[in-house]
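Fold and contact review
Each chain is listed here by its residues.
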Amino acid sequence: MQTITLTRPDDWHLHVRTGAVLKTVLPYTARQFARAIIMPNLKPPVTTVAQACQYREEIRQAVPEGMDFAPLMTLYLTAATTEAELKLAAETDVVHAVKLYPAGATTNSDAGVGNIQQIYPLLAALERHDLPLLIHGEVTDADCDIFDRERVFIDRYLTAIVAEFPALRIVLEHVTTSEAVQFVESASANVAATLTPQHLLFNRNALLAGGIRPHHYCLPILKREQHRAALVAAATSGNPKFFLGTDSAPHLTPLKETACGCAGCFSAPAALELYAEAFARADALDKLEGFASFYGADFYRLPRNTGTVTLAQSPWTVAPVVGEDGVAITPLQAGELLNWKLL
Ligand code: DOR
Ligand code: ZN
């Protein structure tokens, strides 16, 4: 049986929610990843260091006995965020980054930023305090085609932000286009990107394969094949600007399988295996460890992990649904056969 052993990886972009959903989903992440950057788009959003501490405690309580897992918290940037709060965030070791959601771009982004220029003083504070900015890079204009929103965001906002704040460390989250890859590649070492398993494995045909596929719907939406190919090339290039961030985003199954389904792919139950699949198809399994275990830690200036995980080429079937007592969440690739299995 072919196996591959990696330094224990981290997930640099993760949604775990709260309450019963948190308890359901967290063990899947903790069994694979040592740490994860936790997204702050709760209702209400995590906007203060005090809230981040409280949320971190709730997450820690959900880690099963005997597993070690460290949640790395983020703050949700709003027009009302203060420079003092960002300074406080930089001084604690709880908050590792701040997330910019353009208002209305995605799930629980209503409290996000409407006018990006207006928050430039906050971006200056992040640059000064050396706290990374994580960006959901999509414009929100209703008249901008949904497949163009990332590209337009880069042209309209990101280019200017990077020029204005050259020392600010920026992660363009869940990149989905060749334009985003090119932008990140040609920017300074302070600009990096995360890549999700779904954007490496699927193109937009997967949304409408024989019928509408709500579990392939996330934001930014899947793009054309040429973009997927560019993402795989970036992920498997060995360029440290590109690293693992699942964007695993659980929603209850009935809220996905409905007339107006929520955006988000729940990839946590098979996350590392899905990446292994994508890297194996590109004949680049030797590049998986850097992508999954080294480059993110280096970017966030955290020590690399010391333990290991082993994947074996051993086919298994993803659960059709996970959860109990009224919680039912359908994983990405539910019921499908995967070739690599975490031992
Ligand atoms: O598909 C998505 N789901 N994209 C996001 O940016 C947010 C996420 C969520 O929180 O469900
Ligand atoms: Zn996300």
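Above this text you will find the structure in question.
Description of the structure in this document.

Reading the values: the criteria
Residues numbered from 1 in each chain as written. Chains lettered and ligands numbered in written order. Predicted model: local features only at pLDDT ≥ 70, side-chain atom pairs only at ≥ 80, totals over all residues. Heavy atoms only, no water. Near = heavy atom within 4 Å. Polar contact = N/O pair within 3.5 Å; in protein donor to acceptor, adjacent residues only side chain to side chain. Nonpolar A, V, L, I, M, F, W, Y, C, P; charged D, E, K, R; others polar. Phe/Tyr/Trp six-rings, centres within 6.5 Å; stacked < 30°, edge-to-face > 60°. Helix = DSSP H or I, 4+ residues; strand = E, 2+ residues; numbered from the N terminus. Buried < 20%, exposed > 50% of the residue type's maximum accessible area, 1.4 Å probe, protein only. Lys NZ or Arg CZ within 6 Å of the ring centre and 35° of its normal. Pairing = 2+ DSSP bridges. Axes fitted to C-alpha atoms, helices over the stretch in contact; angles between N-to-C directions. Contact = heavy atoms within 4.5 Å. Right-handed = clockwise from strand over helix to strand, strands pointing away. Core = buried A, V, L, I, M, F, W, Y, C linked by side-chain atoms within 4.5 Å. Parallel < 35°, antiparallel > 145°, perpendicular 65-115°, else oblique.

Within the structure, ligand 1 sits among 14 residues, and Arg 17, Asn 41, Thr 106, Leu 219 and His 251 are positioned closest to it. A distance of 3.0 Å separates an oxygen atom of ligand 1 from a polar atom in the side chain of Thr 106. At 3.2 Å from an oxygen atom of ligand 1 is found a side-chain nitrogen or oxygen belonging to Thr 107. Partitioning the shell around ligand 1 into residue classes produces 4 nonpolar, 8 polar and 2 charged.

For the rest of this paragraph, the subject is the packing of aromatic side chains. Counting across every chain of the model gives 10 aromatic pairs. With centroids separated by 4.7 Å and ring planes inclined at 10°, the aromatic side chains of Trp 12 and Tyr 300 adopt a geometry described as stacked. Taken as a pair, Trp 12 in strand β2 (residues 11-14) and Tyr 300 in the loop between α11 (288-299) and β10 (308-317) lie far apart in primary sequence, 288 residues in all. Here Trp 12 and Tyr 300 have matching classes, each one buried. With a centroid separation of 5.1 Å and 75° between ring planes, the pair formed by Tyr 120 and Phe 165 is classed as edge-to-face. Placement of Tyr 120 in helix α4 (residues 120-129) and of Phe 165 in the loop between α5 (149-164) and β7 (170-172) is noted, with a sequence separation of 45 residues between them. Exposure remark for Phe 165: the relative accessible area of 5% places this residue in the buried category. What links up through ring pairs into an aromatic cluster is the set Trp 12, Phe 243, Phe 299 and Tyr 300. Residue placement shows Arg 169 over the ring face of Phe 299; its charged tip is 5.9 Å from the ring centre. Sitting over the face of the ring of Trp 316, Lys 341 holds its NZ or CZ atom 4.7 Å from the ring centroid.

Here the focus is the sheet that holds strand β1 (residues 3-7). Strand order across the open sheet formed by 3 strands is β1-β10-β11, with antiparallel pairing between neighbours. Edge strands, defined here as strands with exactly one partner in the open sheet, are β1 and β11 (337-342). Direction aside, the axes of adjacent strands within the sheet are offset by 35° on average. The pairing of β1 with β10 spans 5 bridges and is classified as antiparallel. Looking at the pairing, Ile 4 lines up with Leu 311 of β10. Contacts between helix α10 (residues 271-281) and the sheet are confined to β1, β10 and β11, with β11 contributing the most and set at about 115° to the helix.

Turning our eyes to something else, we now look at the sheet that holds strand β5 (residues 95-100). In a beta sheet, neighbouring strands pair by backbone hydrogen bonds and run either parallel or antiparallel. Taken in spatial order, the 8 strands line up as β2-β3-β4-β5-β6-β7-β8-β9 in an open sheet, and their pairing is parallel. Whereas interior strands pair on both sides, the edge strands pair on one side only; in this sheet they are β2 and β9 (242-244). Sheet twist, expressed as the mean angle between neighbouring strand axes with direction ignored, is 30°.

The two faces of a sheet get side chains in turn, since along a regular strand they alternate between them. Of all 6 residues making up β5, 6 are buried, and the element is well covered by its neighbours. With 4 bridges connecting them, strand β4 (residues 70-76) and β5 associate as parallel partners. By the bridge assignment for β5, Tyr 76 is matched with Lys 99. Handedness of the β-α-β unit built from β4, helix α3 (residues 83-91) and β5 comes out right-handed. Pairing of β5 with strand β6 (residues 133-135), which is carried by 3 bridges, proceeds in the parallel orientation. Bridge pairing links Lys 99 to Leu 134 in β6. On the question of chirality, the crossover connecting β5 to the parallel β6 by way of α4 is right-handed.

Turning our eyes to something else, we now look at the nonpolar core. Ranked by internal contacts, the top residues of the largest apolar core, which has 103 residues, are Leu 123 and Leu 288. Top element by residues in this core is α10. It accounts for 7 residues. Apart from the residues within four sequence positions on either side, Leu 123 is in contact with Leu 77, Leu 133, Ile 161, Phe 165 and Leu 168. With 17 residues, the next largest nonpolar core counts Tyr 76, Leu 134, Val 171 and Tyr 300 among its residues.

Here we come to the packing of helix α6 (residues 178-186) against helix α8 (residues 225-235). Between α6 and α8, whose axes approach to 8 Å, the crossing angle comes to 30°. By the angle between their directions, the pair α6 and α8 is classed as roughly parallel. Contacts between α6 and α8 involve Ser 178, Glu 179 and Val 181 on the former and, on the latter, His 227, Ala 230, Leu 231 and Ala 234. Here the residues of the contact of α6 with α8 are counted per class, giving 4 nonpolar, 2 polar and 1 charged.

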